[in-house]
Amino acid sequence: MSLFWNERYSSEGFAYGTEPNQFLKNQLQHLNPGKMLLPGEGEGRNAVYAAQLGWNVHAIDSSSVAAKKAVELSNSRNVMIQYTVTDINEIVYSENHFDCIAIIFLHLPPETRVSFHTRMLGFLKPGGTLLLEAFSKQQLKKNTGGPNNFNMLYSKEELHADFSSASKFVIEEAEVKLNEGTYHQGVASLVRVIAKK
């Protein structure tokens, strides 16, 4: 999979732009900066934005090409992020480590999705916030971004089960017009989670 992403990120410019995801941007307005994890962060647009707000940002991705671009973007905006290149399924942190974990357009197959989401909740501090935005299963009918594999698109029911151990959570579906670089353009079917541990 890292070969696919290295190829995508090797093009000139930023595949998904340099501005933060709008859902993440909106949610961070309500949170006090602390320690944040961004798995599957890609070229760093969200990590750099969060760092500009004062977050201590840990970004993870399997793409070394994306990591290089993310560091260049952070340098150009005079902020620091910690970026690790590894398989996201091999992420290891202590329990109760992060104040916020943001999973933005990170799509996993069912056999790894459930365990990954469970581990992310474990890494979150009590009272911490988990944010997720992804393409819903209705997105398969559209050509505005996301996987073309139905099983890698998410439903409210799946995510409800994944995050049922959170102390409280909200899951919603939305039709949103995306304008994020080359690959997220146009009206998309999304599902969003805001969870508290």
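Keep in mind the model is a prediction, meaning the values are calculated, not measured.

**Let's talk about helix α3 (residues 45-52)**
Then comes step 1: Burial within α3 is extensive, with seven of its eight residues counted as buried.
Then comes step 2: For α3, the full list of buried residues reads Arg45, Asn46, Ala47, Val48, Tyr49, Ala50 and Ala51.
Then comes step 3: In the core, the buried residues of α3 are packed alongside α2 (22-28), β1 (35-39), β2 (56-61), α4 (64-76), β4 (98-104) and β6 (168-180).
Then comes step 4: Remark: Gly54 follows α3 within two positions and exhibits a positive phi of approximately 105 degrees.

**Brief notes about the side chain of Ser63**
Then comes step 1: Within the secondary structure, Ser63 sits in the loop between β2 and α4.
Then comes step 2: We classify Ser63 as buried; its relative accessible area is 0%.
Then comes step 3: Of note is the side chain of Ser63, whose polar atom sits 3.4 Å from the backbone nitrogen of Val65.
Then comes step 4: Setting aside its immediate chain neighbours within four residues, Ser63 contacts Trp5, Asn6, Tyr9 and Val85.

**Thoughts on the packing of aromatic side chains**
Describing an aromatic ring pair means giving the distance of the ring centres and the angle of the ring planes.
Then comes step 1: Enumeration according to the criterion identifies seven aromatic pairs in this entry.
Then comes step 2: Seen from their ring centres, Tyr9 and Tyr16 are 6.4 Å apart, and the 70 degrees between their planes marks the pair as edge-to-face. The two residues Tyr9 and Tyr16 agree in class, both being buried.
Then comes step 3: Members of the aromatic cluster, each reached through a chain of ring pairs, are Phe4, Trp5, Tyr9, Tyr16 and Tyr183.
Then comes step 4: We note Arg113 situated over the ring of Tyr154; from NZ or CZ to the ring centre the distance is 5.9 Å.
Then comes step 5: Across from the ring centre of Phe150, 4.5 Å away, lies the NZ or CZ of Lys137, which sits over that ring.

The rules behind the values
Residue positions are counted from 1 within each chain, in the order its sequence is given. pLDDT decides what is reported in this predicted model: residues at 70 or higher carry local features, side-chain atom pairs at 80 or more are listed and counted, and totals for whole chains, interfaces and linings draw on all residues regardless. Side-chain figures throughout are based on the complete set of non-hydrogen atoms in the structure, without hydrogens or water. Remark: exposure states derive from per-residue accessible area (1.4 Å probe, protein chains only) relative to the maximum for the residue type, with buried under 20%, exposed over 50%, and partly exposed in between. Under the DSSP-based scheme used, a helix requires at least four consecutive residues in state H or I and a strand at least two consecutive residues in state E, with every element numbered from the N terminus. Whether two residues are in contact is decided by their heavy atoms, any of which lying within 4.5 Å being enough. The term polar contact refers here to a pair of N or O atoms within 3.5 Å; inside protein, the definition further demands a hydrogen-donor-capable atom paired with an acceptor-capable atom, and it admits residues adjacent in sequence only when both atoms are side-chain atoms. Each pair of aromatic rings taken from Phe, Tyr and Trp, with Trp reduced to its six-membered ring, is defined by centres within 6.5 Å and is described as stacked if the planes are under 30 degrees apart, edge-to-face if over 60, and tilted in the remaining cases. Our definition puts a charge over a ring when NZ of Lys or CZ of Arg is within 6 Å of the ring centre and also within 35 degrees of the ring normal.

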